[in-house]
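Spelled out from the first residue to the last, the chains are:
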Amino acid sequence: MNMKGRSFLTLKDYTREEIEYLLELAAKLKEKKKNGFLGKSLKGKNIALIFEKPSTRTRCSFTIGCLDEGGHPEYLGREDIQLGHKESIEDTARVLGRMFDGIEFRGYSHESVEKLAKYSGVPVWNGLTDSYHPTQILADFLTLKEQFGKLEGLKLVYAGDGRNNMANSLIIGASKMGINITILSPKKLWPNDELISHCMEYANKSGSKIELTENVDDVVGADVIYTDVWCSMGEEDLAAERIKLLKPYQVNDNLLTMTGKPHTIVLHCLPAVKGNEITYEVFERFSKVIFDQAENRMHTIKAIMVATLGNE
Ligand code: CP
Ligand code: NVA
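Residues numbered from 1 in each chain as written. Chains lettered and ligands numbered in written order. Predicted model: local features only at pLDDT ≥ 70, side-chain atom pairs only at ≥ 80, totals over all residues. Heavy atoms only, no water.

As for the overall build of the protein chain
Next up, step 1: Helix and strand counts for the protein chain come out as 11 helices and nine strands.
Next up, step 2: In summary, the protein chain has a C-alpha radius of gyration of 19 Å against a globular reference of 20 Å for 312 residues, a match within 12%.
Next up, step 3: Dimensions of the protein chain, computed from the C-alpha atoms along their principal axes, are close to 55 × 45 × 35 Å.
Next up, step 4: Here the protein chain holds 312 residues, and 57% of them are scored as buried.
Next up, step 5: Restricting to contacts in the protein chain with at least 6 residues of sequence separation, those with at least 24 account for 77%.
Next up, step 6: Averaged over its 40 positive side-chain charges, the protein chain has a centre that lies 3 Å from the centre of its 44 negative ones. (Helix = DSSP H or I, 4+ residues; strand = E, 2+ residues; numbered from the N terminus. Rg over C-alpha atoms; globule rule 2.2 N^0.38 Å. Buried < 20%, exposed > 50% of the residue type's maximum accessible area, 1.4 Å probe, protein only. Contact = heavy atoms within 4.5 Å. Lys, Arg positive; Asp, Glu negative; His and termini not counted. Charge placed at Lys NZ, Arg CZ, Asp CG, Glu CD.)

Thoughts on the site of ligand 2
Next up, step 1: Near ligand 2 you find L128, H133, N164, N165, D228, V229, S232, M233 and L270, and these make up its full shell.
Next up, step 2: Contacts to ligand 2 include N165, whose side-chain N or O atom sits 2.8 Å from a nitrogen atom.
Next up, step 3: With respect to ligand 2, the side chain of D228 contributes an N or O atom lying 2.6 Å from a nitrogen atom.
Next up, step 4: Notes on ligand 2: free accessible area 270 Å², of which the protein chains cover 95%. (Near = heavy atom within 4 Å. Polar contact = N/O pair within 3.5 Å; in protein donor to acceptor, adjacent residues only side chain to side chain. Areas by Shrake-Rupley, 256 points an atom, 1.4 Å probe, with all protein chains shown as cover.)

A look at the sheet that holds strand 7 (residues 210–213)
Next up, step 1: Within the open sheet, the five strands sit side by side as 7-6-5-8-9. Their pairing is parallel. Edge strands, defined here as strands with exactly one partner in the open sheet, are strand 7 and strand 9 (265–268). Strand-to-strand, the axes of this sheet are offset by a mean angle of 20°, without reference to chain direction.
Next up, step 2: Contacts from helix 6 (residues 165–177) reach strand 5 (155–159), strand 6 (180–184), strand 7 and strand 8 (224–227) within the one sheet, and its direction differs from that of strand 6 by about 160°. (Pairing = 2+ DSSP bridges. Axes fitted to C-alpha atoms, helices over the stretch in contact; angles between N-to-C directions.)

Comments concerning helix 4 (residues 110–120)
Next up, step 1: All of the buried residues along helix 4 are H110, S112, V113, L116, A117 and S120. Across the axial projection of helix 4, the buried residues extend over an arc of 165°, all falling on one side.
Next up, step 2: Buried positions along helix 4 lie against strand 1 (46–51), helix 3 (89–99), strand 3 (102–106) and strand 4 (124–126).
Next up, step 3: Between a side-chain oxygen at the N-terminus of helix 4 and the backbone nitrogen of E111 the separation is 3.1 Å; the capping residue is S109.
Next up, step 4: Immediately beyond the C-terminal end of helix 4, within one or two residues, lies G121, with a positive phi of roughly 75°. (Arc of directions from axis to C-beta.)

Let's talk about the nonpolar core
Generally speaking, nonpolar side chains in soluble globular proteins are found buried as a group.
Next up, step 1: One finds F141, L144, L156, L170 and I179 to be the most contacted residues of the largest nonpolar core, which totals 77 residues.
Next up, step 2: With residues near it in sequence (within four places) discarded, L144 still touches G149, K150, L151, L154, L156, I179, V224, I265 and L267.
Next up, step 3: Judged by nonpolar contacts, the second largest core, of 17 residues, contains A48, I103, V122 and V124. (Core = buried A, V, L, I, M, F, W, Y, C linked by side-chain atoms within 4.5 Å.)

Focus on the pattern of salt bridges
Next up, step 1: Inspection of every chain in the model, using the stated rule, returns 20 salt bridges.
Next up, step 2: Put simply, R16 and E152 hold a salt bridge, and the shortest N to O gap is 3.1 Å. With R16 in helix 1 (residues 16–34) and E152 in the loop between helix 5 (134–148) and strand 5, this pair connects stretches of sequence that are 136 residues apart.
Next up, step 3: With relative accessibility at 26%, the residue R16 sits in the partly exposed group.
Next up, step 4: For E152, a relative accessible area of 46% corresponds to the partly exposed category.
Next up, step 5: Here K53 makes a salt bridge to D130, at a shortest N to O gap of 2.6 Å. (Salt bridge = Lys/Arg side-chain N within 4 Å of Asp/Glu carboxyl O.)

A closer look at the sheet that holds strand 4
Next up, step 1: Strand order in the open sheet formed by four strands is 2-1-3-4, with parallel pairing between adjacent strands. For this open sheet the edge positions go to strand 2 (72–77) and strand 4, each flanked by a neighbour on one side alone. Between one strand and the next, the sheet's axes are offset by a mean angle of 20°, whatever the strand orientation.
Next up, step 2: Here five bridges tie strand 1 to strand 3, and the two strands are oriented parallel to one another. Each bridged residue has a counterpart across the sheet, and for I47 the counterpart in strand 3 is G102.
Next up, step 3: In the packing of helix 2 (residues 57–68) onto the sheet, the strands contacted are strand 1, strand 2, strand 3 and strand 4, and the crossing angle to strand 1 comes to about 175°.

Treat this as a map of the structure, not an account of what it does.
Below is the structure:
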């Protein structure tokens, strides 16, 4: 499958087959690394890593993924470059496009990553915006394939802030891949109607079911419970209001019992605020799979760079 030269801004732009291909490539690269072999697919490629917001997993995944394949990553933090302060995004994009072969962007507005892709002329990868976090979804789905051997037909319940970048991206990914997704969240925090109507179209094609609910009883039958922080980066001021709204949706022993399934697993994109969206006990019980998920960020991000920019 040829994805050379393409950006990765949201999963809306990728077909089910292309997502499947990226997951298979990531599994192969993971296996290869575990066997002690690295590649040269990004040899001679320079990659810019722009971070307006902080990051542990995404930054390290792009850095290590790039180095493992022989490329050169260059970290450009908020205070390091002119982007958005003294220079427009369009101009920064045109400069970086003359020097780099690929650009990762993490920041606030989704429009920024779209502009970078439009004006740089090189592949741009979205490392998280206020609206979407698509590289995370590939790691989540690779983890699900490792756990269940399949994606199609699984029931994934996302409990928490139903309109943040993670919820938005999970609905897109799940509805494309035939995963049944339930957004368990107060109505005030449900995803927007436009996104849902797009995802309904994907779901009609894949056979996935999309459910939005305020009722915790709807967790029944969940193979996976997924959660994320109640206040995303930039929303820290809303903590008191969010805790009040989201307390009934905490991932705890009671919610797990309510699935009625003995093998339900819990995923978290991390970083976690234990005691808020997830209890300490549940987090620790599922820590093995949660840290598999974190490790899989690297293998899947490497796959995206190799597929869209690699020489092999
Ligand atoms: N899950 C995730 O994107 O983590 P970071 O914010 O540490 O990159
Ligand atoms: N929703 C979270 C995801 C962190 C990976 C945030 O944007 O802060």
